[in-house]
Amino acid sequence: MKNLAPLYRVSLVLGLGLALTFLAACEDTRVESLRLSDVGPFSARLEVSLSEAGIVSVRYGEGHLYDRRSESNTPNQTHVLELTGLKPSTLYRYRMEPEGKVASFRSAPRSDGAFDLVLLSPEHTACMAGAAEPPLWPDLVLLTGSCDGPLAKHPAERLIRTLPSGPETMSFGSVELHLNADLDTVREASSGDDTQAAKRRVFVLAKEPPEIPQSRDVVLTPTAAFVHGQRIDWPKGLAAWLEVDAFEISWINAEQDKGERKVLVEAPPEARKTCLYCDRLLESGRYEESIAWYERFARDNPQNRGAQEDSAFNIVRILDEKLFRYAEAQERYKTFLAEYPQSRRAMLVRYRLDYLDKYKDGHFEPLMRFEKAKAQRTADDPLPSIHQVEATVSEYPGASIGQEALFWLGHLLEDLDAKRAEDHYKTLMKRFPKSENAALAAISLGDMAYKEKRYNEAIADYEAAAKIAGASYQVSIADKLRKSERNIKREWARWGSWLLFLGWIAFTLWKRPAFRVQTLKSMALLASSYALLFGIYFLIDYEKALPVVGIVGLGALLCVLVFFWNRWLFGEKPSRWAWIHGLSASLGLWYLALYQMHYLYVLGI
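Remember, it's a predicted structure, so these values are computed and weren't measured experimentally. (Residues numbered from 1 in each chain as written. Predicted model: local features only at pLDDT ≥ 70, side-chain atom pairs only at ≥ 80, totals over all residues. Heavy atoms only, no water.)

Chemist: Describe the nonpolar core, and please don't skip the residues or the numbers.
Modeler: Membership of the largest hydrophobic core comes to 52 residues, with the highest contact counts inside it found for Tyr-333, Val-349, Leu-356, Leu-367, Val-389 and Ile-401. With sequence-adjacent residues up to four places away left out, Leu-356 is seen in contact with Asp-320, Tyr-326, Gln-330, Tyr-333, Phe-364 and Leu-367. Membership of the second largest hydrophobic core comes to 48 residues, among which are Phe-105, Leu-177, Ala-240 and Trp-251. (Core = buried A, V, L, I, M, F, W, Y, C linked by side-chain atoms within 4.5 Å. Buried < 20%, exposed > 50% of the residue type's maximum accessible area, 1.4 Å probe, protein only. Contact = heavy atoms within 4.5 Å.)

Chemist: Please set out helix α5 (residues 305-322) residue by residue, giving values where relevant.
Modeler: Since there are 3.6 residues in each turn of an α-helix, residues three or four apart along the chain are aligned in direction. Helix length check: α5, at 18 residues, gives a terminal C-alpha distance of 25 Å against a target of 26 Å (1.5 Å per residue), a fit within 8%. Inspection of α5 places Ala-307, Glu-309, Ser-311, Phe-313, Ile-315, Val-316, Ile-318, Leu-319 and Asp-320 among the buried residues, and these make up the whole buried set. Lining the buried residues of α5 we find α3 (275-283), α4 (287-300), α6 (326-339) and α7 (346-358). Two or three places before Gly-306, at the opening of α5, Asn-304 has a side-chain oxygen 3.2 Å from that residue's backbone nitrogen. Of the residues flanking the end of α5, it is Phe-324, one or two places downstream, whose phi is positive at about 60°. (Helix = DSSP H or I, 4+ residues; strand = E, 2+ residues; numbered from the N terminus. Expected span 1.5 Å × (residues − 1). Polar contact = N/O pair within 3.5 Å; in protein donor to acceptor, adjacent residues only side chain to side chain.)

Chemist: Give a detailed account of the sheet that holds strand β17 (residues 240-244), specifying residues and quantitative values.
Modeler: Read across the open sheet, the 6 strands follow the order β10-β9-β8-β17-β18-β19; overall the sheet is mixed. Looking along the sheet, the strands with just one partner apiece sit at the ends: β10 (159-162) and β19 (261-265). The mean angle between the axes of side-by-side strands here comes to 25°, regardless of whether they run parallel or antiparallel. The pairing of strand β18 (residues 249-252) with β19 spans 4 bridges and is antiparallel. Among the inter-strand pairings, Ser-250 is bridged to a residue of β19, identified as Val-263. (Pairing = 2+ DSSP bridges. Axes fitted to C-alpha atoms, helices over the stretch in contact; angles between N-to-C directions.)

Chemist: So, the state of the cysteines: which residues are in play, and what are the values?
Modeler: By the definition in use, this model includes 1 disulfide. Here Cys-127 is linked by a disulfide to Cys-147, with a sulfur-sulfur distance of 2.1 Å. Here Cys-127 and Cys-147 share a disulfide; its torsion about the S-S bond, -105°, makes the bridge left-handed. Remark: Cys-147 occurs in the loop between β9 (140-143) and β10 and Cys-127 occurs in the loop between β8 (115-120) and β9; sequence separation between them is 20 residues. When its relative accessible area of 13% is taken as the criterion, Cys-147 is described as buried. (Disulfide = S-S within 2.5 Å.)

Chemist: Lay out the confidence of the model for the protein in plain terms, naming residues and giving numbers.
Modeler: The predicted model of the protein averages 83 in pLDDT, with 89% of residues at 70 or higher. Ranking the helices and strands of the protein by mean pLDDT puts α6 first, with 94, and helix α1 (residues 6-21) last, with 46. Every residue in residues 1-29 scores below 50 in pLDDT, and together they form 60 contacts with partners more than four places removed in sequence or on other chains. (pLDDT = per-residue confidence, 0-100.)

Chemist: Residue-level account of helix α13 (residues 455-468), with values.
Modeler: Over its 14 residues, α13 runs 20 Å from end to end, which matches the ideal 20 Å to within 8%, given 1.5 Å per residue. Every buried residue of α13 is accounted for by Tyr-455, Ala-458, Ile-459, Asp-461, Tyr-462 and Ala-465. One face of α13 carries all of its buried residues, which in axial projection span an arc of 165°. Among the exposed residues of α13, those pointing more than 90 degrees away from its buried face are Asn-456 and Lys-467. In this fold, the buried residues of α13 make contact with α12 (436-451) and α14 (471-511). (Arc of directions from axis to C-beta.)

Below, the structure is given as structure tokens:
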């Protein structure tokens, strides 16, 4: 080490300090695949595969809250994360940290809830590449073999299971599924006392049995179902798509969304006497039938005021949120308030009345078209809904729902068509300049400019938002302004670093230094020192060192290159210019590396 001048000792310590900073701050989570391996009413399991061993973490929650976290403790290439504390039949979103894509799944229902199950074989048209996506998505997909269709392409968002090679049992919602059960097992179950079973049984077979089973349970195959010794064939080209709940099991034509339905197991007579059956009809989208049953239930229970209130409220919510018959819903809301003024639902009813009164222009036509388009939107293809809302805004430019519709369009189009999103936001600010949505639109415009590194435009948009927004938004806007101004400084520092770097390269080309073998020896010695020190740390704490080998290696390489460059330019004895070059080139290259890898926050720059 005696050949190393004081400058290079300083560079060595500086480089090591910067490199080791990443040991506590960097984790490599290059996710190759995500898959739900189990989904229950209160928990779910997520399988994660990485390109190389590492530690993973996921945030999840209802809506966009992401208030819960699950993480692994040991670096591996595969992990199983437990998502706990769930509520039944609830949509959850999750994302891998730090900046993973957002995915979603629905927790399984309770034993009295409903779910959709589809069984597919490789020969089915829905398993062919290029098959059309269905208008509805099942909660559980069972496969008898490989499947390239859209129903099997989202393992991170729904539970997809391939039938095992041997018998296996799993529970989901109100049923106990016997996967790949042999015919003897079915016969044994049908000969027993099914009243002792805790859950209804469904036997799922990969192919039709050689004889028709006489089971009182449902025997499901990709081409037909067998119940009570009767065979029920699916229409040609359609899948075994079942809608299952605590009362009924029905085959539905969900692939074509034609409303076809065949009840395999009917609800018992006593179930139809309760409003649970009304709720079930509502969950399955049979809204008119549900209203009729709620009305019948209210008539059959004239002395039960709670049943009367529940029925009246559910009917008006169906008219409002499912059938979009707003004029009728408005009158029923007023009747509900008159009859049940002390109801716990009174506040919600008043809110909906205010909402309908605010957007009742055009005989509710603009509102109805907007809400229908939103309800029909699918995550995989939102464009039809977007076109419908754009047509509504164009046809009814003065409609009061316009500000909501324009903001919805802008928000939805941000990732699909940024130019159209900006146009809708600007139209909103022009038509409704004093509204809260105008402030949110200005903030969104600023966020879009910020993401594209147009920081001066972002500042202008945030300042415009601050003039419109109320006090509740000012802190958030001030923080966005601060970050935009900070990033402008970062950009200046980046360009300065590039100019410095290119200047030193030009100086090197002008000077044309002579190559010396001793420089290579010193460079090798410095590189060996890095390798030795990190190797010792690696042996001491393997779990923390493994995920950051790459970034530490990059830091060591930069320091060694600057050392080599400096010695090549100025020789063995450092001069004043050697000091200036060593420090400025090191800092410039480090800044560029930190900038490109988005790690400036580590040093608080």
